[in-house]
Amino acid sequence: MIRTLTWKAARAIMGLAIAILPASRRPDWRDAMLAEFLHLHRPDQALAFAAGCLRASIAERNSAMSIFHRALHLGGFAIPAHLALVAFWSASNLAGAGSTFTAVFVLLGVVYAGVAGWTLFRPDHALVRSASIALAICVALFAVTRLPLGLAQERLYDALIFESMAIWVVLLGLGVALRRYAAAPVQAN
Amino acid sequence: MPRRPHTSRQARALFAAMLDAPTSWHHGYELMQATAIKSGTLYPLLMRLADDGMLESEWREPVAPARAPRHAYRLTAKGRAFAVELLSENSFSAAAQGKPA
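Conventions we followed
Residues numbered from 1 in each chain as written. Chains lettered and ligands numbered in written order. Predicted model: local features only at pLDDT ≥ 70, side-chain atom pairs only at ≥ 80, totals over all residues. Helix = DSSP H or I, 4+ residues; strand = E, 2+ residues; numbered from the N terminus. Buried ≥ 20, exposed ≤ 12 C-beta atoms within 10 Å, placed from the backbone. Contact = placed C-beta atoms within 7 Å. Nonpolar A, V, L, I, M, F, W, Y, C, P; charged D, E, K, R; others polar. Arc of directions from axis to C-beta. Pairing = 2+ DSSP bridges.

## Some remarks on the overall build of chain B
Per the secondary structure count, chain B includes four helices and three strands. Beginning at the N terminus, the succession of helices and strands in chain B can be written as α-β-α-α-β-β-α. Considering chain B as a whole, with its 101 residues, one finds that 29% of them fall into the buried category. Sequence-distant contacts, at least 24 apart, represent 51% of the contacts inside chain B between residues at least 6 apart.

Next comes the structure, spelled out in structure tokens:
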């Protein structure tokens, strides 16, 4: 049981390691690390090897980033992480009232926290993908709230939707910039 | 003053291990075991050495029980010359301080 779990964890970490290795190091080094990983027979060895490869991939990715790219990456993580904290704080303030908004803010907090975590590992994909989906959901929600559903506090829902749309547009812009930087050729140091 | 590249303790250990069989091909895990360097340090080091032309790499056919090809590395002539010079400096400074190299 523990052996199987360790193998699964090692494979997951190795998958993450090869996914975040910068494009300038692919495919040779990605395949080299993966081939060596596949050669290992003991799960503890595989786990340690995969953890080391993850560390190496993060270091390679960071060294391939310009200062501006790093700042964008930090922003791409910090903004959703901050929004997650604000959403959880808002939910805790509303908890006593038993409002539907508590659940809405908890959900928003979880989404922003997930996006922050995703951005940390895949800055070139996370923001563009999550913001595109979130904007589509916002538009759909806006359309739904136009229906005669007799929603209480309809204006408050509208305000939340518009605020979310503005936030996701900013995150989408940040994501597009990150993606352009990730695709740009790396300057040799 | 910036340190010369490829002169860290780990780089010296790697050069020493590869100089034991300078014309042989070495696998990543074998180098990890020979040098006690973890994969997180070894691979970036191998990448830098390859970038600077000190290391060549190629895919080697598997030897049983392995089933998949593996990436193997060996020092180039430039890498061997650098390694010999670096390790002899190391031995010289250790001898000057009365320590074993």
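Here the narrative resumes.
## Remarks on the interface of chain B and chain A
In this assembly, 14 residues from chain B lie in contact with 16 residues from chain A. Of all elements in the fold, only α2 (28-35), α3 (39-51) and β3 (70-75) of chain B reach the threshold of two or more residues within the side of chain B that touches chain A. Ranked by the residues each element gives to the side of chain B that touches chain A, the list is headed by α3 of chain B, at five residues. Here the residues of the side of chain B that touches chain A are counted per class, giving seven nonpolar, five polar and two charged.

## Here's the deal with the environment of Ala 56 of chain A
Residue position: Ala 56 of chain A is located in helix α3 (residues 43-63). Put simply, Ala 56 of chain A and Leu 21 of chain A are 35 residues apart on the chain and 8.3 Å apart in space, counted from C-alpha to C-alpha. Ignoring any residue separated from it by four or fewer positions in sequence, one finds Ala 56 of chain A in contact with Ser 39, Gly 40, Tyr 43 and Pro 44 of chain B.

## Description of α2 of chain B
Listing the buried residues of α2 of chain B in full gives Gly 28, Leu 31, Met 32 and Thr 35 of chain B. The buried residues of α2 of chain B occupy one face: seen down the axis, they fall within an arc of 105 degrees. Looking at the buried side of α2 of chain B, the elements it contacts are α2 (28-38) of chain A together with α1 (9-20), β1 (26-27), α3 and β3 of chain B. Downstream of α2 of chain B by a residue or two, Ala 36 of chain B has a phi angle that is positive, lying close to 60 degrees.

## A closer look at the sheet that holds strand β2 (residues 55-60) of chain B
With respect to topology, three strands assemble into an open sheet ordered β1-β3-β2 (chain B), the strand pairing being antiparallel. Looking at which strands have only one partner, the edges of the open sheet turn out to be β1 and β2 of chain B.

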